[in-house]
Structures are given as structure tokens and as C-alpha cells.
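Examining the three-dimensional arrangement
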Amino acid sequence: MSTESQAAPITLQPRSTPLGRFALSLRRFFAELFSHPQSALGALIVLAFLLLTLFGPMIAPYTANDQSHAPRIAPTNEYPFGTDFLGRDVFSRVVLGARSIFLTAGLGTIIAVTLGTLSGLFSAYQGGWVDEIISRLIDAFLALPALLITLVILGVIKDLEIEPNTWQAALANNSVLI
């Protein structure tokens, strides 16, 4: 009787390098994300807006404030979303406005997470009466309506020498998140 040794089937294992493990975990993350229709749809919508922020100036047919069109035109091939009451192309305004919205939201999130984490760590490290004062101060801010705080901050910072409207609104709105 001859004994033939059978080779075990070859399976490809990811490299045990940090980059290989990262690629595997990223692949698992996207597989789980796209296995549910609702999360896949949400991810595709966010991805579409991210692409609009990157390629918006190349996609938009007109500038955001170009008023050389007839007012209140219904959607057509030339104006996919129509025009507003001033004759501005709504599609161009949406595409070009996506960049500032993502910048405002991203910047606000980074600021809020950073300041919240640092104040929480400082409060917990100090403990005692410092922790109590900081905790009660944060509780007082949480008891106030966010819109009221935003309007008060906008009233205070309206005279700052920064780009009007966008940065003032971003600063006021995102300071509420902290």
C-alpha cells in the first residue's frame, strides 16, 4: 500500500503586519456596514456629499451668487434644482455650500471633542472641589436651551474681526456642543 501525503489546502492569511491587520479590519467594517440596507444607503449619501465637497467647484455650472438668471425657474436640464427668487441656480448653491457645511460640522466636532475631553480629564484628575465646580458649571450649561446660548454667543461675537456670517455662526453653534 502506498501512502500518499495529501497537502493541506492553501488559505491566504492576511499578513501579520499592522497594515495587513488594518486592511482586514477595514474590509470587515465595510462588509458589516454594507450588509444592512439602511446603513449602506446612509453611507452612500454621506459619500456623495463628501464627493460634492471635493469636486464641487468643478461640478457647479454657475457661481453661488450668480444672479443672471430668471427668478423662480422650475427644474430643467439647464437648472436641475431650478432657481430661487433672486435668479440664483439652486443646484450650484447646494454643491458649493456642501463644503462649508462639512467644514463647519467637522471643525465644530473636533473642537467640542477636544475641549470636552480635556476639561473632563482635568476635572477628574483634580477631583474634589475643582471637579464639583466644573461639573456644576457644565450642568448649568446643559440646563439652558442650546438655541438661546447660540443666539447670546452670536450677539457677543458679532463685532469680531472674522469672516462674516459663516465663522460667526460656526463658532456660536459649535460652542454649544462643547
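All of the points below concern the structure found in this document. Computed from a predicted model, the values in this text were never measured in an experiment. (Residues numbered from 1 in each chain as written. Predicted model: local features only at pLDDT ≥ 70, side-chain atom pairs only at ≥ 80, totals over all residues. Heavy atoms only, no water.)

1. Structural notes on the overall build of the protein chain
Going by this rule: Secondary structure elements follow DSSP: runs of H or I of four or more residues count as helices, runs of E of two or more count as strands, with numbering from the N terminus. In this analysis, two residues are considered to be in contact whenever any of their non-hydrogen atoms come within 4.5 Å of each other. Shrake-Rupley sampling with a 1.4 Å probe provides the accessible areas, and residues are treated as covered by the protein chains on show and by no other component.
Helix and strand content of the protein chain: six helices and zero strands. Listed by position from the N terminus, the elements making up the protein chain come as α-α-α-α-α-α. Taking all contacts inside the protein chain whose residues are at least 6 apart in sequence as the whole, residues at least 24 apart take part in 38%. Carbon and sulfur atoms make up 69% of the accessible area of the protein chain, which totals about 13600 Å².

2. A look at helix 3 (residues 90-126)
Which entries qualify depends on this criterion: Any helix carries an expected span of 1.5 Å times its number of residues minus one. Burial here depends on accessible area, computed with a 1.4 Å probe over protein chains only, as a share of the maximum for the residue type. Under 20% is buried, over 50% is exposed, and the range in between is partly exposed.
When the terminal C-alpha atoms of helix 3 are compared, their 52 Å separation across 37 residues agrees well with the 54 Å that a helix rising 1.5 Å per residue should span. Of the positions making up helix 3, those classed as buried are Phe91, Ser92, Val95, Ala98, Thr104, Gly108, Ala112 and Ser123. Two residues or fewer after helix 3 comes Gly127, characterised by a positive phi angle close to 65°.

3. Some remarks on the packing of helix 3 against helix 4 (residues 128-143)
To keep things clear, this is the line we draw: To get an axis, a line is fitted to the C-alpha atoms, and for a helix only the part in contact is used. The angle between two axes follows their N-to-C directions and goes from 0 to 180 degrees. Residues are grouped as follows: nonpolar covers Ala, Val, Leu, Ile, Met, Phe, Trp, Tyr, Cys and Pro; charged covers Asp, Glu, Lys and Arg; every other residue, Gly included, is treated as polar.
Across the interface, helix 3 lies against helix 4 with an axial gap of 6 Å and an inter-helix angle of 145°. Each of Phe122, Ser123 and Gln126 in helix 3 lies in contact with helix 4, whose residues at this interface are Gly128, Val130, Asp131, Ile134 and Ser135. Split into classes, the residues belonging to the contact of helix 3 with helix 4 amount to three nonpolar, four polar and one charged.

4. Comments concerning the side chain of Asp84
Assignment of secondary structure puts Asp84 in the loop between helix 2 (37-59) and helix 3. Relative accessible area serves as the criterion here: at 14%, Asp84 is assigned to the buried category. Those residues in contact with Asp84 that lie beyond four places of it in its chain are Pro71, Arg72, Val90 and Arg93.

5. Thoughts on the packing of aromatic side chains
We describe a pair of aromatic rings using the distance from one ring centre to the other and the angle between the two ring planes. Rule in force here: Two rings from Phe, Tyr or Trp (for Trp, the six-membered ring) form a pair when their centres sit within 6.5 Å of each other. Planes less than 30 degrees apart are called stacked, planes more than 60 degrees apart edge-to-face, and all others tilted.
All chains considered together, the criterion is met by four aromatic pairs. With centroids separated by 5.3 Å and ring planes inclined at 85°, the aromatic side chains of Phe81 and Phe91 adopt a geometry described as edge-to-face. Within this pair, whereas Phe81 is found in the loop between helix 2 and helix 3, its partner Phe91 is found in helix 3, the two being separated by 10 residues in sequence. One aromatic cluster in this structure is built from Phe29, Phe30 and Phe34.

6. Let's talk about the side chain of Ser123
Stated formally: Under the rule applied, a polar contact is a pair of N or O atoms within 3.5 Å (in protein, one hydrogen donor and one hydrogen acceptor; residues adjacent in sequence only if both atoms are side-chain atoms).
Within the element layout of this structure, Ser123 appears in helix 3. Here Asp131 takes part through its side chain, which lies 2.4 Å from a polar atom of the side chain of Ser123.

7. As for the packing of helix 2 against helix 3
To keep it simple, the criterion reads: For classification, angles of less than 35 degrees are called roughly parallel, those exceeding 145 degrees roughly antiparallel, those between 65 and 115 degrees roughly perpendicular, and all remaining angles oblique. Less than a right angle of anticlockwise turn of the near helix away from the far helix marks a crossing as left-handed, whereas a clockwise turn marks it as right-handed.
The contact between helix 2 and helix 3 brings their axes to 8 Å, and the two run at 115°. It follows from the interaxial angle that helix 2 and helix 3 lie roughly perpendicular. Judged by the sense of rotation from one axis to the other, the crossing of helix 2 with helix 3 is left-handed. Between helix 2, through Val46, Phe49, Leu50, Leu52, Thr53, Leu54, Gly56, Pro57 and Ile59, and helix 3, the contact on the second element is made entirely by Phe91, Val95, Leu96, Ala98, Arg99 and Phe102. Its residues assigned to classes, the contact of helix 2 with helix 3 comprises 12 nonpolar, two polar and one charged.

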